[in-house]
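So the chains spell out like this:
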Amino acid sequence: MMLSKYVYIYRCSFYDSGRCTESHTDMYFAKEEHTRWVHEKYCPKLGRVHVIRVPRGSEYHISAIENSVKEEKKNNKQ
C-alpha cells in the first residue's frame, strides 16, 4: 500500500475582527478533537478552523503532529 503524498490537517486561524480576511496567527493540528477549544474560547468570527491538504512531511504537517501531541499531554493531565 502506497502512502499518499498529501495529508489533511486542521488549521486554526485567529483574526482581530470579523471583517478581517488575513489571520494574525495560525496553528495546525493533526486531529479534529484538538481544535474544539477554538470554538469554545472564541466566537466564530475571531477563531476559525479549516481542513487543509498539505504535503506529507511539510513544516505544516510536522507542526500539526507536534501540536496534537502537546494537546494530548495537556488533556491527559486534566
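Residues numbered from 1 in each chain as written. Predicted model: local features only at pLDDT ≥ 70, side-chain atom pairs only at ≥ 80, totals over all residues. Heavy atoms only, no water.

A. Broad picture of the sheet that holds strand β3 (residues 47-55). Reading across from one edge, β2-β1-β3 is the order of the three strands in this open sheet, with antiparallel pairing throughout. The open sheet is flanked by β2 (25-29) and β3, the only strands paired with a single partner. In this sheet, adjacent strand axes meet at a mean angle of 30 degrees when their direction is disregarded. In the packing of helix α2 (residues 59-77) onto the sheet, the strands contacted are β1 (6-14), β2 and β3, and the crossing angle to β2 comes to about 75 degrees. (Pairing = 2+ DSSP bridges. Helix = DSSP H or I, 4+ residues; strand = E, 2+ residues; numbered from the N terminus. Axes fitted to C-alpha atoms, helices over the stretch in contact; angles between N-to-C directions. Contact = heavy atoms within 4.5 Å.)

B. Region of interest: the environment of Ser23. Along the chain, Ser23 falls in the loop between β1 and β2. Residues Ser23 and His61, 38 residues apart in the sequence, show an inter-C-alpha distance of 19 Å. If sequence neighbours within four positions are ignored, Ser23 has contacts with Ser13, Phe14 and Tyr15.

C. Main features of the packing of aromatic side chains. Overall, the coordinates contain five aromatic pairs when judged by the stated rule. Centre to centre, the rings of Phe14 and Trp37 are 5.9 Å apart; their planes meet at 25 degrees, and the pair counts as stacked. Placement of the pair is Phe14 in strand β1 and Trp37 in helix α1 (residues 36-41), with a sequence separation of 23 residues. An aromatic cluster is defined as three or more aromatic residues linked by ring pairs; in this entry it consists of Phe14, Phe29, Trp37 and Tyr42. Looking at Arg48, its charged tip hangs above the ring of Tyr15, at a distance of 3.7 Å from the centre. Across from the ring centre of Tyr6, 3.9 Å away, lies the NZ or CZ of Arg53, which sits over that ring. (Phe/Tyr/Trp six-rings, centres within 6.5 Å; stacked < 30°, edge-to-face > 60°. Lys NZ or Arg CZ within 6 Å of the ring centre and 35° of its normal.)

D. Region of the structure containing the pattern of salt bridges. Counting across every chain of the model gives two salt bridges. Between Glu32 and Arg36 there is a salt bridge, with the nearest N and O atoms lying 2.8 Å from each other. Its salt-bridge partner being Glu71, residue Lys74 comes within 3.1 Å of it at the nearest N-O pair. Here the residue Lys74 and the residue Glu71 both occupy positions in helix α2, the gap between them amounting to three residues, near one helical turn. Residue classification places Lys74 among the partly exposed residues on the basis of a relative accessible area of 45%. (Salt bridge = Lys/Arg side-chain N within 4 Å of Asp/Glu carboxyl O. Buried < 20%, exposed > 50% of the residue type's maximum accessible area, 1.4 Å probe, protein only.)

None of this, on its own, says anything about what the molecule does.
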